[in-house]
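Residue strings, one per chain:
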Amino acid sequence: MGFLTVRDEDPQSQARPGRRDVLTRALSLAAGLGTAAAIGAAAGPAAASPAKTASPAGAASARANQADWRFCTKCYGMFFRGYPTDGACPGGGGHDSAGYDFNLPHSIPETPTAQHNWRFCTKCYGMFFWGYPDNGRCPAGNAHAAAGYDFVLPHDIPATAKSQRNWRFCPKCYGLYFYGYPTNGRCPAGDAHSVAGYDFVLPFL
Ligand SMILES: [Zn+2]
Ligand SMILES: [Zn+2]
Ligand SMILES: [Zn+2]
């Protein structure tokens, strides 16, 4: 599973027992709920974002990862593709997905190489950083609006065959986007995204 893969590939974090404890607790919780219906209900508010993920959601939340996060070919942003519609793209219309199916960790402790406060935006379906007093710029207008899981994104660790680096924070819109091309996509605050902060290394399925 993605969660274990990431941890196993990071020798530093193997030294930290915290994550396994959390995983164990999460699994116990899910098991304790008993019925699929109960698990689905529990996934409700947290899974906010993932309507479609609702059935696999039980499993997804138990292992503290959510899949269906994709790269958008128009804006280069990371967005959630688990709904029938694809949010609002700064490039116009909904986002267009391509590439890997990212399986992103959430609801685990922050570490020196994993940053929390990354959230789903209910207006544009993008991933944005929620750690500032304001919430950047949303392609759907005004600031982003957070819901769902608290994603904890690995950064500044070696990429592997199952993870991709070059995912960066944009200080103009607060979005997460792919910085691996010569151009930087389309920013809702105008022109292309800018770059700052960590080099995120994101696991995919
Ligand atoms: Zn887009
Ligand atoms: Zn937004
Ligand atoms: Zn931007």
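Remember, predicted model here, so these are calculated numbers, not experimental data.

Side note on the sheet that holds strand 1 (residues 65-72)
Phase 1 of the analysis: If you walk across this open sheet you meet the three strands as 2-1-3, and the pairing is antiparallel. If you trace the sheet from one side to the other, it starts and ends with strand 2 (78-80) and strand 3 (97-105), each paired once. Adjacent strand axes in the sheet meet at a mean angle of 40° when their direction is disregarded.
Phase 2 of the analysis: Pairing geometry for strand 1 and strand 2, over three bridges, is antiparallel. Among the inter-strand pairings, W69 is bridged to a residue of strand 2, identified as F80.

As for the pairing of strand 1
Remember that side chains alternate between the two faces of the sheet whenever the strand is regular.
Phase 1 of the analysis: By the criterion of burial, strand 1 is predominantly enclosed, with eight of the eight residues buried.
Phase 2 of the analysis: Counted along the chain from strand 1 to the antiparallel partner strand 2, the turn is five residues long, and its residue Y76 has a positive phi close to 70°.

Considering the environment of H95
Phase 1 of the analysis: Checked against the element boundaries, H95 lands in the loop between strand 2 and strand 3.
Phase 2 of the analysis: Considered as a pair, H95 and F79 are 16 residues apart in the sequence and their alpha carbons are 7.5 Å apart.

As for the confidence of the model for the protein chain
Phase 1 of the analysis: Across the protein chain, the average pLDDT comes to 79, with 69% of residues at 70 or higher.
Phase 2 of the analysis: Low pLDDT (under 50) marks residues 1-62, which in the prediction has 78 contacts with non-local residues, meaning those over four places away or in another chain.

A word on unusual backbone geometry
Phase 1 of the analysis: Here Y125, not a glycine, exhibits a phi torsion of approximately 70°, which is positive.
Phase 2 of the analysis: Secondary-structure assignment places Y125 in the loop between strand 4 (114-121) and strand 5 (127-129).
Phase 3 of the analysis: Look at Y174: it is not a glycine, yet its phi comes out positive at around 70°.
Phase 4 of the analysis: With respect to the helices, strands and loops of the structure, Y174 is situated in the loop between strand 7 (163-169) and strand 8 (176-178).

Calculation rules
- Residues numbered from 1 in each chain as written.
- Chains lettered and ligands numbered in written order.
- Predicted model: local features only at pLDDT ≥ 70, side-chain atom pairs only at ≥ 80, totals over all residues.
- Pairing = 2+ DSSP bridges.
- Helix = DSSP H or I, 4+ residues; strand = E, 2+ residues; numbered from the N terminus.
- Axes fitted to C-alpha atoms, helices over the stretch in contact; angles between N-to-C directions.
- Buried ≥ 20, exposed ≤ 12 C-beta atoms within 10 Å, placed from the backbone.
- pLDDT = per-residue confidence, 0-100.
- Contact = placed C-beta atoms within 7 Å.

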